[in-house]
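Each chain, written out:
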Amino acid sequence: MIMNEAVKIMDQFFQGMLENNIEQWMTIWHKDAVFEIPYAPSGVLTKLEGDEAIYNHVKDFPGKINFTRFSEPNYYPVEGQNTVIVEFECEAVILETGLPYNQKYISVIEYEDGKILRYKDYWNPLIFIGAYNNEPQAFLKFLKRSQ
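Keep in mind that this is a model prediction, so the values were computed, not measured. (Residues numbered from 1 in each chain as written. Predicted model: local features only at pLDDT ≥ 70, side-chain atom pairs only at ≥ 80, totals over all residues. Heavy atoms only, no water.)

Engineer: Give me the lowdown on the UniProt feature "domain: SnoaL-like" (unreviewed entry) in the protein chain, citing residues and values where you can.
Structural biologist: UniProt tags residues 12–119 as "domain: SnoaL-like" (unreviewed entry). Between the first and last C-alpha atoms of residues 12–119 the distance is 15 Å; the span itself is 18% helix and 48% strand. (UniProt positions renumbered as here; feature names shortened; annotations may be inferred. Helix = DSSP H or I, 4+ residues; strand = E, 2+ residues; numbered from the N terminus.)

This is the structure we're talking about:
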């Protein structure tokens, strides 16, 4: 039953991004959610606290990045907890450069009552920088405009 809840949350996560529907995507976040980006480059926030901060970070994504596909995720539940590790990939295009953004993610997600309480997002920032013509400053502008 717990695993079904995680799968449903991630289905909504992927669907919201594919449809560029940030308002719908935000319905899966607890009001006190914490979103962490441990491998974010220097100068980028590594932690967002509360659904308002998360919304302000992603609200402009539809005008910046077009997600076209997410792979079938692999789920690794943490025994005895409402936590799951999810491994997946995305295919997207950075609209400003027209370059592909094909990323592999490992996310650690704690959830309750169909909502994400804590999301740790592990991804390679070098792939994102590459989608900005290997110009770190352009990538940093993307993230700062999203905060």
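Engineer: So what about the nonpolar core? Which residues, and what values?
Structural biologist: Grouped together as the largest cluster of nonpolar side chains are 40 residues, with contacts concentrated most on Met10, Phe13, Trp29, Phe67, Phe88, Tyr101 and Tyr119. Looking at this core, the elements that each hand over two or more residues are helix 1 (2–18), helix 2 (22–25), strand 1 (29–36), helix 3 (51–58), strand 3 (65–70), strand 5 (83–94), strand 6 (100–112) and strand 7 (115–122). Among all residues touching Phe13, those that are not within four sequence positions of it are Trp25, Ile28, Trp29, Phe88 and Tyr119. (Core = buried A, V, L, I, M, F, W, Y, C linked by side-chain atoms within 4.5 Å. Buried < 20%, exposed > 50% of the residue type's maximum accessible area, 1.4 Å probe, protein only. Contact = heavy atoms within 4.5 Å.)

Engineer: I'd like to hear about the pattern of salt bridges, residue by residue, with values.
Structural biologist: According to the stated counting rule, one finds three salt bridges in the structure shown. Lys31 is paired through a salt bridge with Asp32; the nearest N and O atoms lie 3.2 Å apart. A residue is classified by how much of its surface remains accessible, and Asp32, at 47% relative accessible area, is partly exposed. Its salt-bridge partner being Arg69, residue Glu91 comes within 3.1 Å of it at the nearest N-O pair. Here Arg69 lies in strand 3 and Glu91 lies in strand 5, a separation of 22 residues in the sequence. You can call Arg69 partly exposed: its relative accessible area is 36%. (Salt bridge = Lys/Arg side-chain N within 4 Å of Asp/Glu carboxyl O.)

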